[in-house]
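# Chain and residue survey
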Amino acid sequence: MMNNQQRQVALTGSACLDKVLSCLEKVKSTGANKWKACCPAHDDKHPSLAISETSEGVVLLKCWAGCTTQNIVSTIGMELRDLFPGNTQPRRGPSKSAIEHERMVYRIGKSLLEQGKLEGSDIERFHLAKQRLGVK
């Protein structure tokens, strides 16, 4: 288990990093966003597990004795997905680029409509863009 000083170091990281570090023994900071600890997947007397956190909050584990990341996380009662931040949900709705595309279709269509130059299937596409953007 971690002592108070180690907990304070861990609290500067993400929630998933805090979760991992709290399950390890002999945790020591080795630099910015880097730690070492005893590997829980084998009988480790001297810290051989390197832990780091990416700028995106992903926790990386490397046992220099050869234990796999899967073995390490399962030994501490976690899953590989616990090394990644947040509950990523599948995106709902259109992407930013799709929305921007619809805005462009709407702006061009509006301009052409005001000039009396919008006709045929272009009018249909203009109205579809309006509908998708929620413009009345």
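About the criteria used
- Residues numbered from 1 in each chain as written.
- Predicted model: local features only at pLDDT ≥ 70, side-chain atom pairs only at ≥ 80, totals over all residues.
- Heavy atoms only, no water.
- Core = buried A, V, L, I, M, F, W, Y, C linked by side-chain atoms within 4.5 Å.
- Buried < 20%, exposed > 50% of the residue type's maximum accessible area, 1.4 Å probe, protein only.
- Helix = DSSP H or I, 4+ residues; strand = E, 2+ residues; numbered from the N terminus.
- Contact = heavy atoms within 4.5 Å.
- Pairing = 2+ DSSP bridges.
- Phe/Tyr/Trp six-rings, centres within 6.5 Å; stacked < 30°, edge-to-face > 60°.
- Lys NZ or Arg CZ within 6 Å of the ring centre and 35° of its normal.
- Salt bridge = Lys/Arg side-chain N within 4 Å of Asp/Glu carboxyl O.

### Side note on the nonpolar core
Residues Leu 24, Leu 49, Ile 51, Val 59 and Leu 61 are the most contacted members of the largest nonpolar core, which totals 20 residues. The set of elements that each furnish at least two residues to this core consists of α2 (15–21), β2 (34–38), β3 (49–53), β4 (59–63) and α3 (69–75). Apart from residues no more than four positions distant in its own chain, Val 59 is found in contact with Cys 16, Leu 17, Val 20, Ile 51, Ser 52 and Leu 83.

### Considering the pairing of β2
Within a regular beta strand, the side chains point alternately toward one face of the sheet and then the other, so they alternate between its two faces. As paired strands, strand β1 (residues 25–31) and β2 are joined by four bridges and run antiparallel to one another. By the bridge assignment, Gly 31 is partnered in β2 with Lys 34. Here β1 folds back onto β2 in antiparallel fashion, the turn holding two residues, of which Asn 33 has a positive phi close to 60°. Bridge analysis of β2 against β3 gives four bridges, and the strand direction is antiparallel. In the sheet register, Lys 36 faces β3, and the bridge partner there is Ala 50.

### Brief notes about the packing of aromatic side chains
Throughout the structure, instances matching the rule amount to one aromatic pair. A cation over a ring is seen here: Lys 62 above Trp 64, with NZ or CZ 4.8 Å from the ring centre.

### Looking at the pattern of salt bridges
A full pass over the atoms with the stated rule returns seven salt bridges. Put simply, Asp 43 and Lys 45 hold a salt bridge, and the shortest N to O gap is 3.3 Å. Overall, the relative accessible area of 64% leaves Asp 43 in the exposed class. With a shortest N-O distance of 3.0 Å, Arg 132 and Glu 102 are connected by a salt bridge. With Arg 132 in helix α5 (residues 121–133) and Glu 102 in helix α4 (residues 96–114), this residue pair connects regions lying 30 residues apart in the sequence. A residue is classified by how much of its surface remains accessible, and Arg 132, at 53% relative accessible area, is exposed. Overall, the relative accessible area of 9% leaves Glu 102 in the buried class.

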